[in-house]
Amino acid sequence: MRTTVGIVGAGPAGLLLARLLHLAGVDCVVLEARDRAYAEARQRAGMLEQSTVDVLRACGAGDRLDREGLFHDGIEIRFDGRAHRIDLAAHTGGRQATIYAQTEIVKDLVALRLKDGQPLLFEARAVAVERADTARPAVRYVHDGAEHLLECDYVAGCDGSYGVTRRALPADRTRVYEHTYPYSWLGVLADVPPTHHELVYAAHERGFALYSMRTPAVSRLYLQVPAGTDPADWPDERIWDELAARYTAGDGPPLRRGPITARSLTPMRTRVTEPMRHGRVLLAGDAAHIVPPTGAKGLNGAVADAVTLAEALALWHRTGTERLIDAYSDTCLHRVRQAVRFSRDLTDLLHTRPDRDESADRSRTARLRRLLGSPGTVAALAHEYTGLWSPWCPAAPTGDGGG
């Protein structure tokens, strides 16, 4: 099989890239190792930056998001027994944080691609990327029990941190920066309406907790736990008791409890691969970078990569120039480094280290008071939280591919 762009991975980065390329008249084929049901059920992120929402709307994937998404003008940070609300919209000219699960974005983009009759192969497992540094790279994959070769002009690696495309980058020309935290997030889905109408970040001496939601009837909650924790060691009652202890602040309503329908463990780590390109293979999303989920930059970073790569490939397709393709890695990594910094700072500020002492607790409280006590620092936090990038609008591309 032959195509212009071979996309490995049908997560948000791969599917959005395919959608943008289709709108730009660039043909592509998407290969996904899992079946459709699995791809549409993978529980991941759920907080969208304003720019991510803008892009999904502009590319025709915003109808259900606008009907079912939860649009928040603020967030709350709790520490030292008090609640502090940050008015995101007031500090950013109306930018919001939107709750809309990654699973729903995947469903919307899959439906659009299939409706358009564009090639999307599920249960097509990529096993190798070949000829990466030539003008005719190829993806070798297995589908329906047989091995096939997808020949391309470019390969987009959107297959995550354990995918095959990362291995196409030569080790002697690649640097990987990693940091692993000594704690993880125990995440649960619960069939209970959220206690609070906005996200609550709780910095507590017992550990961090995040109170979020997926719908008006489903809560999404997280607890900081030691790395390597087995979720099976946390029965429902223990989870709710710990969440309630960390949620308490002032005279707010008590935490609502309900049936827990799913639980998972999220390791906390940073991993960045530089560069994000070798020859005609370009990485996007988790294949290139992973950040702690505290700052909600993982999914939004993947979307930003897809937009940047779509613009570069569309310009090359129209004009033959590789100017933006050549700049792709540096362009993305500039933003990725800011996402790493923001996520690291927020993670360190809100979590309790296993080796903490009373002095560290007092220092953290002082840092939080300083952060939330100044209009300037609050405004800076609001701007970074609601978006570290500005989108190229696929509905109205510029003449030269800039934007």
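Not measured: the values here are computed from a predicted model.

**Q** Got a minute to help me understand the packing of aromatic side chains in this structure?
**A** According to the stated counting rule, one finds seven aromatic pairs in the structure shown. Seen in terms of ring centroids, Tyr-211 and Tyr-247 are 4.8 Å apart; in terms of plane orientation they differ by 65 degrees. Their pairing is edge-to-face. Here the residue Tyr-211 occupies a position in strand β15 (residues 209–215), and Tyr-247 occupies one in helix α7 (residues 236–247), the gap between them amounting to 36 residues. A residue is classified by how much of its surface remains accessible, and Tyr-211, at 5% relative accessible area, is buried. Through a chain of ring-to-ring contacts, the aromatic side chains of Trp-185, Tyr-201, Phe-208, Tyr-222 and Tyr-385 assemble into a single cluster. Against the face of Tyr-38 rests Arg-34, its NZ or CZ located 4.1 Å from the ring centre.

**Q** So what exactly am I meant to see when it comes to the packing of helix α8 (residues 298–319) against helix α9 (residues 323–350) here?
**A** If you want to describe how two helices pack, look at the angle between their axes and the distance between the axes. Running from N to C, α8 and α9 point in directions that differ by 165 degrees, and their axes come no closer than 9 Å. Classified by the interaxial angle, the pair formed by α8 and α9 is roughly antiparallel. For the element pair α8 and α9, the recorded crossing hand is right-handed. Counted together, Gly-301, Ala-304, Asp-305, Thr-308, Leu-309, Glu-311, Ala-312, Leu-313, Leu-315 and Trp-316 of α8 and Arg-323, Leu-324, Ile-325, Tyr-328, Thr-331, Cys-332 and Arg-335 of α9 form the full contact between these two elements. Its residues assigned to classes, the contact of α8 with α9 shows ten nonpolar, three polar and four charged.

**Q** Hey, could you run me through the confidence of the model for the protein chain in this one?
**A** The predicted structure's coordinates, where accompanied by low pLDDT, should not be read in detail. Of all residues in the protein chain, 96% attain a pLDDT of 70 or more, and the chain-wide mean is 93. Low confidence marks residues 393–403, where pLDDT is under 50. Its contacts with residues over four positions away, or in another chain, come to 21 contacts.

**Q** Could you clarify how one ought to interpret the environment of Val-192 in this entry?
**A** Structurally, the position occupied by Val-192 is in the loop between β13 (175–190) and β14 (200–203). Ignoring anything within four residues of it in the chain, the contact list for Val-192 reads Ala-217, Val-218, Ser-219, Trp-240, Arg-256, Arg-257 and Gly-258.

**Q** I'm lost on the environment of Gly-6 in this one. Help?
**A** Tracing the chain through its elements places Gly-6 in strand β1 (residues 5–8). On the basis of relative accessibility, which here comes to 0%, the residue Gly-6 falls in the buried class. Gly-6 sits 109 residues away from Lys-115 along the chain, and the two C-alpha atoms are 20 Å apart. Setting aside residues up to four positions removed in sequence, Gly-6 forms contacts with Val-29, Leu-150, Cys-152, Tyr-154, Val-155 and Ala-156.

**Q** Looking at this structure, I do not really get the sheet that holds strand β2 (residues 28–31). What am I missing?
**A** Sheet strands pair by backbone hydrogen bonding; their relative direction is either parallel or antiparallel. Spatially, the six strands line up as an open sheet ordered β8-β2-β1-β12-β19-β18, and their pairing is mixed. With one partner strand each, in any of the chains shown, β8 (120–121) and β18 (277–278) form the two edges of the open sheet. Sheet analysis places strand β12 (residues 154–157) next to strand β19 (residues 281–283), joined by three bridges and oriented parallel. Following the sheet pairing, Val-155 is matched in β19 by Val-281. Helix-sheet contacts for helix α1 (residues 12–23) involve β1, β2, β8 and β12, and the interaxial angle to β1 is about 160 degrees.

Calculation rules
- Residues numbered from 1 in each chain as written.
- Predicted model: local features only at pLDDT ≥ 70, side-chain atom pairs only at ≥ 80, totals over all residues.
- Heavy atoms only, no water.
- Phe/Tyr/Trp six-rings, centres within 6.5 Å; stacked < 30°, edge-to-face > 60°.
- Helix = DSSP H or I, 4+ residues; strand = E, 2+ residues; numbered from the N terminus.
- Buried < 20%, exposed > 50% of the residue type's maximum accessible area, 1.4 Å probe, protein only.
- Lys NZ or Arg CZ within 6 Å of the ring centre and 35° of its normal.
- Axes fitted to C-alpha atoms, helices over the stretch in contact; angles between N-to-C directions.
- Parallel < 35°, antiparallel > 145°, perpendicular 65-115°, else oblique.
- Left-handed = near helix turned anticlockwise from the far one by under 90°.
- Contact = heavy atoms within 4.5 Å.
- Nonpolar A, V, L, I, M, F, W, Y, C, P; charged D, E, K, R; others polar.
- pLDDT = per-residue confidence, 0-100.
- Pairing = 2+ DSSP bridges.

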